[in-house]
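Architecture at a glance
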Amino acid sequence: TTSVAGGRLSFVLGLQGPCVSVDTACSSALVALHSAWRALCAGECGSAVASAVALKLAPQNTIGIAGAGMLSVDGRCKTWDKGANGYARSEGVGSAVVRAESGGGDGGSEMALGGSAVRQDGRSASLTAPNGSAQRALLGAALSVAGLGASEVGGVEAHGTGTALGDPTEAGALAAVHGVARATAVAVGTAKASVGHGEAASGQVGLLRLSGLHEGAAGAGNAQLRSLNPLVRERL
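These lines cover the structure that appears in this document, whether it is placed above or below. Just so it is clear, the structure is predicted and the values come from calculations on it, not from any experiment.

The rules behind each value
Residues numbered from 1 in each chain as written. Predicted model: local features only at pLDDT ≥ 70, side-chain atom pairs only at ≥ 80, totals over all residues. Heavy atoms only, no water. Helix = DSSP H or I, 4+ residues; strand = E, 2+ residues; numbered from the N terminus. Polar contact = N/O pair within 3.5 Å; in protein donor to acceptor, adjacent residues only side chain to side chain. Contact = heavy atoms within 4.5 Å. Core = buried A, V, L, I, M, F, W, Y, C linked by side-chain atoms within 4.5 Å. Buried < 20%, exposed > 50% of the residue type's maximum accessible area, 1.4 Å probe, protein only. Salt bridge = Lys/Arg side-chain N within 4 Å of Asp/Glu carboxyl O. Pairing = 2+ DSSP bridges.

Things to note about the side chain of T161
Looking at the secondary structure, you find T161 in the loop between strand 3 (155-157) and helix 5 (166-178). Among the polar contacts listed, one links the side chain of T161 to the side chain of T163, at a separation of 3.5 Å. Once residues lying within four places of it in the same chain are set aside, the contact partners of T161 are C77, T79, G86, Y87, D167, K192 and H197.

A look at the nonpolar core
Across soluble globular proteins, nonpolar side chains have a tendency to be buried as a group. Core analysis: the largest hydrophobic core is formed by ten residues, namely L33, A36, A39, L40, C45, A48, A50, A96, V98 and L207. Ranked by residue count, the leading element in this core is helix 2 (residues 28-41), at four residues.

Concerning unusual backbone geometry
In this model, A25 sits at a positive phi of 60 degrees, which is unusual for a non-glycine residue. Mapped onto the elements of the fold, A25 is located in the loop between helix 1 (2-13) and helix 2. Owing to a relative accessible area of 47%, A25 belongs among the partly exposed residues under this scheme. If you check the backbone angles, E199 has positive phi at about 50 degrees while not being a glycine. Relative to the elements of secondary structure, E199 occurs in the loop between helix 6 (192-195) and helix 7 (202-216). For E199, a relative accessible area of 11% translates into the label buried.

Observations concerning the pattern of salt bridges
On inspection of all chains with the given rule, the structure shows five salt bridges. As a salt-bridge pair, K56 and E199 come within 3.4 Å of each other at their nearest N and O atoms. Placement of K56 in the loop between strand 1 (47-54) and helix 3 (60-67) and of E199 in the loop between helix 6 and helix 7 is noted, with a sequence separation of 143 residues between them. Judged by relative accessible area, K56 falls into the partly exposed class, the value being 25%. Put simply, D74 and K78 hold a salt bridge, and the shortest N to O gap is 2.8 Å. K78 sits in the buried class, given a relative accessible area of 10%. Several salt bridges converge on common partners, so that one network encompasses K56, R89 and E199.

A look at the pairing of strand 2 (residues 92-99)
Residue alternation in strand 2 divides its side chains into a buried set, G92, G94, A96 and V98, and an unburied set, V93, S95, V97 and R99. With eight bridges joining them, strand 1 and strand 2 adopt antiparallel strand pairing. When the bridges of strand 2 are listed, A52 appears paired with G94.

Printed below as a string of structure tokens:
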């Protein structure tokens, strides 16, 4: 069962804090990180490990997703591009250690997590269709928890799967919250355009990209972007 996967880690590492296996599809890695952070804030543990893994070991899921028309026929996540035609599946494994304070000097990348929020689309056009208003509410909730204003955000790691429906909806939500009439630009990108969609582990991959943005004070380019999707442009 899925619960045993997390339990094995706690067993091997001797961890006795909350042990939870998370399956929220593509947001699983970030929901696990959110859960770890909330457990830390509640004093349920002194530190936590949020891990994610996505391995394509059997063909059934790929066959099903391809049959639903969700995959790119040329195997590329063309995020924001007018040629976006679905996403490419990829594998990923990653972990983040969450502490109440900076560990310092362990050789890894460190970022401060000011706040996080979790929401669901609720009722939308279909089970997998995005909901722009729900996305705007999520962004606002995360900013509120972190005590930040939308104008203070300099970079965003987007979901950005490279689908005709998802990209414009997400772009519209980001533009509505962070605003187009502001003095400074917001660097918006996604790791999926470079390495594909790691699905359950994609949040961990996104964190690595965001860490690079944070440390280098510069945004990485959006691979596969040749001509901006007109539907994305309309929402900016």
